[in-house]
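Notes for the structure review
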Amino acid sequence: MAEGQAAPKGLALQLVITYGYMFLWIGLSAAVIMINKYVLSMSGFPYPVALTCTHMLFCAVLAFLLVKLGFVEAVSISADTYLSCILPIGLLFAGTLWLGNAAYLYLSVSFIQMLKASMPMVVFIVGVLFSTEKFTMKAALNMLVVGTGIAIASYGEIHFVVVGVILQVGSIATESVRLTLVQILLQKRGIKMNPVSTLYHIAPCCFVFLFLPFIYIELPKMVADPNLHVNVPLLLASAACAFALNMSVFLLIGKTSALTMNVAGVIKDWLLILLSVVLYGSPVTRTQLGGYGLAFVGVMYYNYAKVEQMKQSAAAAQKAPEKQPLIAAEVGQSGKGSE
């Protein structure tokens, strides 16, 4: 009888932990996005490169301290791997964050989340070009559904700003190439890195790539801006949330599953659309919701297909483990761990 009671208690505890990790990631992800939107559009600090530099510097310093103080062990990276893998990935990550944050100056959070639903489609296209994804008519039709839904949602957007859309599309494109390069450059070398180790290696070079445009593009504007308002506690809170978000990604993927991550991503997207409407008064039309709903169906099917593919790969690895290459899987939609 005692064993029968222990099993439900153990299952209940596991469910509480799983949902705890999921809601932690959803909360932190939503917090980073909503704070970034407020900082850039409403607080008198319309400088996305400066904001992103702050995040990367904060993450680099904190990761450095965690590694040097012995709390986390960093993966050793050779000079060749750093130049051929880490630098290009860091450059693309810098581009993703810069362009993505800049889009908040022109577009609502709700519309940006709708545009982000195109990530699987762009990842698929980039993967086919780099031969990491296999082209099939079934997958192509699925991506066509996603693209059609995004086009309808864009058509229904009241405050459609071309510059903002170009910036967000650029962010999605750089993130898609980054994820593909992670698969090509790091996974094939059998390199596995936790979030602290990843930030330890990537955040410094990402900061350097962002610091150059900050010096030549934004700093002169900031010096000449009479309305500039630097809210240091708010900037630090934003940076702390960004760092915590990277940690929560590790917990969610490492302690739950890819399916949980994908479900959490869907919940987060709908939550951000709702928060954008409630907190910032962003208008959302029925046409947009219909288009996003169509893209949502396509994305959910994509996630389902990917999870099934992972299950088949895992089953094959168990049957013939000696024939399977060492692979470090990176799971996520919009650059999880990114902002």
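A few points on the structure. Just so it is clear, the structure is predicted and the values come from calculations on it, not from any experiment. (Residues numbered from 1 in each chain as written. Predicted model: local features only at pLDDT ≥ 70, side-chain atom pairs only at ≥ 80, totals over all residues. Heavy atoms only, no water.)

**So, the layout of surface pockets**
The volume enclosed by the second largest pocket comes to roughly 160 Å³. The wall of the second largest pocket is formed by Pro-46, Tyr-47, Pro-48, Val-49, Trp-98, Leu-99, Ala-102, Leu-105, Leu-167, Ile-217, Glu-218 and Lys-221. Counting residues per element, the ones that place at least two in the lining of the second largest pocket are α2 (48–68), α3 (79–103) and α8 (195–223). Its residues assigned to classes, the lining of the second largest pocket shows 10 nonpolar, no polar and two charged. (1 Å grid on protein atoms, 1.4 Å probe; cavity = no way out; pocket = protein on both sides within 12 Å on 5 of 7 lines; lining within 4 Å. Points joined across faces, edges and corners; volume = space filled by probe spheres on them. Helix = DSSP H or I, 4+ residues; strand = E, 2+ residues; numbered from the N terminus. Nonpolar A, V, L, I, M, F, W, Y, C, P; charged D, E, K, R; others polar.)

**Notes on the pattern of salt bridges**
This structure, assessed with the given rule, holds two salt bridges. Notably, a salt bridge pairs Arg-178 with Glu-175, separated by 2.9 Å at the nearest N-O pair. Here Glu-175 and Arg-178 lie together in helix α7 (residues 162–186), a separation of three residues that amounts to about one turn. Residue classification places Glu-175 among the buried positions, given a relative accessible area of 1%. Residue Asp-269 is joined to Lys-268 by a salt bridge in which the shortest nitrogen-to-oxygen separation is 3.7 Å. Neither residue differs from the other here; Asp-269 and Lys-268 are each classed as buried. (Salt bridge = Lys/Arg side-chain N within 4 Å of Asp/Glu carboxyl O. Buried < 20%, exposed > 50% of the residue type's maximum accessible area, 1.4 Å probe, protein only.)

**Comments concerning the nonpolar core**
Formed by 72 residues in total, the largest nonpolar core has its most connected members in Trp-25, Val-39, Phe-45 and Met-56. Of the residues forming this core, the biggest block, 11 residues, is contributed by helix α1 (residues 2–41). Counting nine residues, the second largest nonpolar core, distinct from the first, contains Phe-124, Val-126, Ile-172 and Leu-179. (Core = buried A, V, L, I, M, F, W, Y, C linked by side-chain atoms within 4.5 Å.)

**Some details on the packing of aromatic side chains**
Summed over the entire model, instances satisfying the criterion amount to eight aromatic pairs. Each ring, one from Phe-45 and one from Tyr-47, has its centre 5.8 Å from the other, and the planes form 80 degrees; the classification is edge-to-face. Here Phe-45 matches Tyr-47 in class, with each residue buried. Through a chain of ring-to-ring contacts, the aromatic side chains of Phe-207, Phe-211 and Phe-214 assemble into a single cluster. (Phe/Tyr/Trp six-rings, centres within 6.5 Å; stacked < 30°, edge-to-face > 60°.)

**Describing the environment of Ala-102**
Looking at the secondary structure, you find Ala-102 in helix α3. Residue Ala-102 is classed as buried on the basis of its relative accessible area, which comes to 7%. Distance from Ala-102 to Pro-48, taken between C-alpha atoms, is 5.2 Å for residues 54 residues apart in sequence. The residues touching Ala-102, leaving out its near neighbours within four places in the chain, are Pro-48 and Leu-167. (Contact = heavy atoms within 4.5 Å.)

**So, the packing of helix α6 (residues 137–155) against helix α11 (residues 286–319)**
Each pair of packed helices can be summarised by the angle the axes make with each other and by the distance between the axes. α11 packs onto α6 with a crossing angle of 160 degrees between their chain directions and a minimal axis gap of 7 Å. What the angle tells us is that α6 and α11 run roughly antiparallel. In this structure, α6 meets α11 at a crossing whose hand is left-handed. Between α6, through Lys-138, Asn-142, Met-143, Val-145, Val-146, Thr-148, Gly-149, Ile-150, Ile-152, Ala-153 and Tyr-155, and α11, the contact on the second element is made entirely by Thr-287, Gln-288, Gly-291, Tyr-292, Leu-294, Ala-295, Gly-298, Val-299, Tyr-301 and Tyr-302. Tallied by class, the residues present in the contact of α6 with α11 amount to 13 nonpolar, seven polar and one charged. (Axes fitted to C-alpha atoms, helices over the stretch in contact; angles between N-to-C directions. Parallel < 35°, antiparallel > 145°, perpendicular 65-115°, else oblique. Left-handed = near helix turned anticlockwise from the far one by under 90°.)

Limitation: the analysis is restricted to geometry and does not speak to function.
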